[in-house]
Amino acid sequence: MEIRRDVFQAIADPTRRAILNLVAIQAMTPGTIADNFDSSRQTISKHIKILTECELLDQQQNGREIYYYINPKKIKEVADFIEPFRQMWEERFNKLESIMKNYKPKK
């Protein structure tokens, strides 16, 4: 039975978001990724596994090394899902800002 992970649970974790930020810059081996954290390599490997299962990371074998890199298509899917909510909140904050600019406290 294949485990299906929720992409939003995956990105809810700050360590996994940090991993995504790292590999967005360049592809990295698990060891290189782990070197950026105080956690054990085993813990970072579990995070990488979850991100891979969610298809947020892809992997490529280069000789004996496996390199992980960000999957831009999956990241775009997540961004496209979130965009209407971002726009809604931006509109609400803009309305609040204009109300607050016109607000005069009672004396």
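Preceding this paragraph is the structure being described.
Here's what I pulled together on the structure shown here. (Residues numbered from 1 in each chain as written. Predicted model: local features only at pLDDT ≥ 70, side-chain atom pairs only at ≥ 80, totals over all residues. Heavy atoms only, no water.)

**Thoughts on the packing of aromatic side chains**
What counts here: Each aromatic pair joins two rings of Phe, Tyr and Trp (for Trp, the six-membered one) with centres within 6.5 Å, and gets the label stacked for planes under 30 degrees apart, edge-to-face for over 60, and tilted for any other angle. Helix numbering and strand numbering both begin at the N terminus, where a helix is a DSSP run of H or I of at least 4 residues and a strand a DSSP run of E of at least 2. Only protein chains enter the calculation, and the probe is 1.4 Å; a residue is then buried if its accessible area is under 20% of its type maximum, exposed if over 50%, and partly exposed in between.
Within this structure, the stated rule accounts for 3 aromatic pairs. On the basis of an interplanar angle of 50° and a centroid distance of 5.3 Å, the ring pair of Phe8 and Phe81 is categorised as tilted. A residue pair is termed long-range when its members are at least 10 positions apart, and Phe8 in helix H1 (residues 7-12) and Phe81 in helix H5 (residues 72-102) qualify at 73 residues. Centroid distance Phe81 to Phe85: 5.6 Å. Interplanar angle 50°. Geometry classified as tilted. Residue Phe81 and its partner Phe85 are both found in helix H5; the two are separated by 4 residues, about one turn of the helix. For Phe81, a relative accessible area of 48% translates into the label partly exposed.

**Quick notes on the side chain of Arg16**
Put simply, the rule reads: Just so you know, the count uses Lys and Arg for positive and Asp and Glu for negative, and it drops His and the chain ends. Note on definitions: salt bridges are taken to be side-chain nitrogens of Lys or Arg within 4 Å of carboxyl oxygens of Asp or Glu. By definition in these notes, contact holds between two residues if any of their heavy atoms fall within 4.5 Å.
Its place among the elements puts Arg16 in helix H2 (residues 14-25). As a buried residue without a salt bridge, Arg16 has its nearest oppositely charged side chain in Asp13, at a separation of 4.2 Å. Those residues in contact with Arg16 that sit more than four places away from it in its chain are Gln9, Ala10, His47, Ile50 and Leu51.

**Examining the nonpolar core**
Let me state the cut-off plainly: Definition used in this section: a nonpolar core is a set of buried Ala, Val, Leu, Ile, Met, Phe, Trp, Tyr and Cys residues joined via side-chain atoms within 4.5 Å.
Membership of the largest hydrophobic core comes to 20 residues, with the highest contact counts inside it found for Ile19, Ile33, Ile44, Ile48, Leu51, Leu56 and Leu57. Sorting the residues of this core by element identifies H1, H2, helix H3 (30-34) and helix H4 (41-53) as the ones contributing at least two each. Apart from the residues lying within four places of it in its own chain, the contact partners of Ile33 are Ile19, Leu22, Val23, Met28, Ile44, Ile48 and Tyr68.

**Some thoughts on a nonpolar patch on the surface**
Short version of the rule: Each patch is built from residues lacking any salt bridge and having more than 30% relative accessible area; the joining distance is 9 Å for like charges and 5 Å for nonpolar side chains (Val, Leu, Ile, Met, Phe, Trp, Tyr). Areas reported as accessible are Shrake-Rupley estimates using a 1.4 Å probe. Residue values count occlusion only from the protein chains shown.
Taken together, Phe8, Phe81, Ile82, Phe85, Trp89, Phe93, Leu96, Ile99, Met100 and Tyr103 make up a surface patch of nonpolar side chains, about 1100 Å² in accessible area. Counting residues per element, the nonpolar patch draws most heavily on H5, at 8 residues.

**Re H5**
Test applied: Take the residue count of a helix, subtract one, and multiply by 1.5 Å to get its expected span. At any given residue, the bend is defined as the angle formed between two axes, one fitted to the seven residues that end at that position and one fitted to the seven that begin there. Within 3.5 Å is the distance limit for a polar contact, defined as a pair of N or O atoms, with the added protein rule that one can donate a hydrogen and the other accept it, and that residues adjacent in sequence qualify only through two side-chain atoms.
In this model, H5 (31 residues) spans 43 Å end to end at C-alpha, consistent with the 45 Å of a helix rising 1.5 Å per residue. In the structure, H5 departs most strongly from a straight axis at Ile82, where the bend amounts to approximately 35° and where the proline Pro84 lies between one and four residues downstream. Capping the start of H5, Asn71 holds a side-chain oxygen 3.2 Å from the backbone nitrogen of Lys73, two or three residues further along.

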